[in-house]
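Fold and contact review
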Amino acid sequence: MSVTVTTPPRSLEDPAAGERFLRLVGEGDEFGAVELVTALLDAGEQPQRIILGLIAPTQSRVGELWAANEWSVAREHAATAISERALAAVAARTSVRPTRGRITVACVDGEWHALPSRMLGEMLRLDGWRVDFLGANVPGPHLVTHLHQTGPDAVALSCMIPTRLPRAHAAITACRSVGVPVITGGRGFGPDGRWAHRLGADAWAATADDAVARLARKWPPPLTDPFESAFLGDDEYTYVVRHRGDLVQTALTRLLAAYPAMNAYDQRQHDATAEDMGHIADFLAASLYVGDETVFTDFVDWTQAVLRARAVPPVALRAGLEVLAEQLRDFPTATATLRAGLDLAAGE
Ligand code: B12
């Protein structure tokens, strides 16, 4: 019997490195993934480059493969767990004495994407920060308690999904009101971080290395009145959030009439439709909260691509938007937002 042993790539310049890491995480080969990052470190590759030049783009690729229905949710979960393990291996091999201030890194309440903020935490640690990493789903009041206990120089708040923006606003306001400036990041804050500024964040950075650079200069920023940022969340937002359950339930009942194919759905398909209707309501609410229709239209665009990859006919999404629009016809902004989504979906 012959065993083929391939030597791991020794540099990130080697295009095989990214392909190999993706294959290893996709095959659930934890040992191989850790071996690869360790070999790169041993060969003199910078830990920062391994984090942002290998692990991060692989995770983005994992997201694309899931969205394209090439990888199952389970395979994505397994791959992410291995990326976390590889990141931990890099961290374990790199010890840096803190020389800068102390920073709390946390995900917004209801935000489960902990790995991007973990990467940020490691990048900050490598730059000499003392990092308190609180992980996923940190409720605002607990975050503030932690700030009282540790007195950090900054909070780094991650939001990867725009439905969490109202909670991000509450957290930003709470941190700033106890005198701790907030740097924000993650795709949930929108292109160029436009919603971060609207929610009163002191800073926003597109990537972890931008955040490292931003925190290394002119920090802390002068603290302005934490309550200066607009009060957001009008009657329409409040209505959608308070009645979310009824809106989704009624939408599902009406969908059976509007989209007869649903009558033949099995339980799994029904559950998926209920989840999709919930997402429509949540993105609509977030869009109303920040007063920007593109939160919703970007979501419709994204949903169409995901449904297309799963061979769900476009009429299903249109029907979902219609049945929600019917229920919200007395709310002008919600109606206009749903119409904008319908216009996009009509192009399909
Ligand atoms: C893994 C994963 C998950 C895992 C997360 C597990 C974990 N431990 O992290 C789980 C299974 C929980 C998950 C759940 C969901 N996910 Co998900 N997920 C991903 C995936 C594949 C990878 C995330 C990741 O690690 N990215 C890698 C990092 C490096 O990404 P990055 O954005 O470049 O990160 C940089 C910056 O954002 C920045 N940054 C991040 N945070 C911060 C904070 C600060 C302060 C600063 C300064 C910078 C900063 O620095 C990072 C490094 O440079 C992404 C795909 C993707 N492209 O990210 C989808 C993705 C984010 N998920 C998505 C979705 C839709 C969901 C779900 C709604 C799915 C569902 N139907 O339930 C839920 C939502 C859960 C929730 N409420 O949070 C979508 C979001 C689409 C959209 N419309 O916004 C994506 C983009 C997948 C896709 N291709 O469509 N997901």
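In what follows, the structure referred to is the one given above.
What counts and what doesn't
- Residues numbered from 1 in each chain as written.
- Predicted model: local features only at pLDDT ≥ 70, side-chain atom pairs only at ≥ 80, totals over all residues.
- Heavy atoms only, no water.
- Near = heavy atom within 4 Å.
- Polar contact = N/O pair within 3.5 Å; in protein donor to acceptor, adjacent residues only side chain to side chain.
- Helix = DSSP H or I, 4+ residues; strand = E, 2+ residues; numbered from the N terminus.
- Nonpolar A, V, L, I, M, F, W, Y, C, P; charged D, E, K, R; others polar.
- Donors = N, O, S within 2.8 Å, 3.2 Å for Na, K, Ca; no water.
- Contact = heavy atoms within 4.5 Å.
- Axes fitted to C-alpha atoms, helices over the stretch in contact; angles between N-to-C directions.
- Parallel < 35°, antiparallel > 145°, perpendicular 65-115°, else oblique.
- Left-handed = near helix turned anticlockwise from the far one by under 90°.

1. Topic: the site of the ligand
For the ligand, the set of nearby residues contains 39 residues, the closest of which are Glu84, Trp112, His113, Ser158 and Trp302. One nitrogen or oxygen atom from the side chain of Gln59 is found 3.4 Å from an oxygen atom belonging to the ligand. Within the backbone of Gly63, one N or O atom sits 3.3 Å away from a nitrogen atom of the ligand. Looking at which element gives the most residues to the shell around the ligand, the answer is helix 3 (residues 47-67), with 7 residues. Each residue belonging to the shell around the ligand can be placed in one class, and the counts come to 21 nonpolar, 13 polar and 5 charged.

2. Quick notes on the coordination of the cobalt atom of the ligand
A lone protein donor contacts the cobalt atom of the ligand, and this donor is His113 (NE2), found at 2.2 Å. Among the structural elements, His113 can be located in the loop between strand 1 (102-108) and helix 5 (114-126).

3. As for the environment of Val37
One can find Val37 in helix 2 (residues 30-42). Between the C-alpha atom of Val37 and that of Pro47, which follows or precedes it by 10 residues, the distance is 8.8 Å. The contacts of Val37, once residues within four sequence positions are left out, are Phe21, Ile50, Leu54, Ala86, Ala89 and Val90.

4. A few points about the packing of helix 1 (residues 16-26) against helix 2
Running from N to C, helix 1 and helix 2 cross one another at 155°; their axes reach a closest spacing of 8 Å. By the criterion of interaxial angle, the relationship of helix 1 to helix 2 is roughly antiparallel. The two elements helix 1 and helix 2 cross, and the hand of that crossing is left-handed. Residues Ala17, Arg20, Phe21 and Leu24 of helix 1 form the contact with helix 2, whose participating residues are Gly32, Ala33, Leu36 and Val37.

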